[in-house]
Amino acid sequence: MFRTLGGGDLIINGAKGTHPHAVTELCEEGSRLYANALRTGRIARTDVESAPCLMELALLHPDPDDANWLRPVPPSVALAQWLNPIEREISERRRMSIELADAFEPFMAVSAQATASTHSITVLEGYERINAALDLATTQCQSEMLTVQPSSRRLEQTLIQALERDRPLIDRGVSMRTLYQHTARYSPETLAYVDRVSNGKVEIRTIDELVERLIICDESVAFIPTRDDRQVALELRHPGLVRYLIKVFEFMWSRAVPLSTGGPYETAPDGITDIQHSIAKLLVEGHVDEAIARRLGMNVRTCRAHIAKLATALGSGSRAQLGYLIAQSGILEQDH
């Protein structure tokens, strides 16, 4: 009498009590008795009471000539008896796996296309992962890198990292075009970085207003931030998206001023600087001082100083009057 447990154990109740072991194993006593039976050709029933597994595993069968004796089943026959159902099960499972593979094959191509589309936009979280992706992209860059860097004050350590990443690009002849805001012209850290990379195929221009950072390598991969703290960025490899961002860059580039030319803070013939024209435009659009300063990459105090100079140039006595005079002066219609 026996029963199987979930773990594959066989519990056999014989004359001398419970006799547990795995169904694919022979206990030490069973192995010894089976070996003796093979050597002598038979074994007494009473001798195998301590190992009832021999009968349950079909290793012994009754002696047709004497019911008190048992004869051993040849090992090759016993093994075949145990292997045949296992091999049948393996064959059946193999057949099922082939049928499943055939059933899912039509969906593989669809999945591959969807995966490729998903991988064309990768979310990068944390400075380390973002910098690692940037390092890889710049290492693989062979032709041109385009960058947009809004001119909030950049930490010296950040500029050192940028220099370490960009220097090898310049050394192997990769061209670089970088856009800063006009305020970068007065940042010692930024000017020091520009001085270090100026030898080579490097062009730098400034513009009054930039929205966010952008890095494009070889027209194949672009990086943009997705949060104000810049802890999360997107790595874009979709050709259509990258081409669109290149067009955006070229649009801004065509309106930017080379860093080597006169500064945008120089007074124009009408007594108003280019940066003050930019401030005037944002004032008319209804932006407050803080928003104007943020968009133009300057602190609020500097922004208000420019607003005061603009008011003086237009003869305004109040903020409300300033907006009216800007609209009446026609300065926003001039090409600066």
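Below is a summary of the structure that appears in this document. Owing to the predicted nature of the structure, the values given are computational and were not obtained by experimental measurement. (Residues numbered from 1 in each chain as written. Predicted model: local features only at pLDDT ≥ 70, side-chain atom pairs only at ≥ 80, totals over all residues. Heavy atoms only, no water.)

1. Digging into the packing of helix 10 (residues 300–314) against helix 11 (residues 319–329)
No. 1: Between helix 10 and helix 11, whose axes approach to 10 Å, the crossing angle comes to 60 degrees. Accordingly, the angle class assigned to the pair helix 10 and helix 11 is oblique. Where helix 10 crosses over helix 11, the two elements pack in a sense that is left-handed. Between helix 10, through Ile-307, Leu-310, Ala-311 and Leu-314, and helix 11, the contact on the second element is made entirely by Arg-319, Leu-322, Leu-325, Ile-326 and Ser-329.
No. 2: Its residues placed into classes, the contact of helix 10 with helix 11 shows seven nonpolar, one polar and one charged. (Axes fitted to C-alpha atoms, helices over the stretch in contact; angles between N-to-C directions. Helix = DSSP H or I, 4+ residues; strand = E, 2+ residues; numbered from the N terminus. Parallel < 35°, antiparallel > 145°, perpendicular 65-115°, else oblique. Left-handed = near helix turned anticlockwise from the far one by under 90°. Contact = heavy atoms within 4.5 Å. Nonpolar A, V, L, I, M, F, W, Y, C, P; charged D, E, K, R; others polar.)

2. What about the packing of aromatic side chains?
No. 1: Applying the stated criterion to the full structure yields one aromatic pair.
No. 2: Seen from their ring centres, Phe-249 and Trp-253 are 5.7 Å apart, and the 20 degrees between their planes marks the pair as stacked. Pair noted here: Phe-249 and Trp-253 are both in helix 7 (residues 239–254), with a separation of four residues, about one helical turn. For the residue pair Phe-249 and Trp-253, the accessibility class agrees, reading buried in each case.
No. 3: Here the guanidinium or amino end of Arg-42 rests over the ring plane of Trp-69, the centre of that ring lying 3.9 Å away.
No. 4: Over the face of the ring belonging to Trp-253 we find Arg-177, whose NZ or CZ atom lies 5.2 Å from the ring centre. (Phe/Tyr/Trp six-rings, centres within 6.5 Å; stacked < 30°, edge-to-face > 60°. Buried < 20%, exposed > 50% of the residue type's maximum accessible area, 1.4 Å probe, protein only. Lys NZ or Arg CZ within 6 Å of the ring centre and 35° of its normal.)

3. Description of helix 8 (residues 274–284)
No. 1: Counting buried positions over the eleven residues of helix 8 gives eight, a clear majority of the element.
No. 2: Taken as a whole, helix 8 has its buried residues at Ile-275, Gln-276, His-277, Ser-278, Ile-279, Ala-280, Leu-282 and Leu-283.
No. 3: Buried residues along helix 8 sit against helix 9 (289–296), helix 10 and helix 11.
No. 4: Just past helix 8, the residue Gly-286 takes up positive phi, approximately 95 degrees.

Interpretation note: all reported values are geometric properties and have no functional meaning in isolation.
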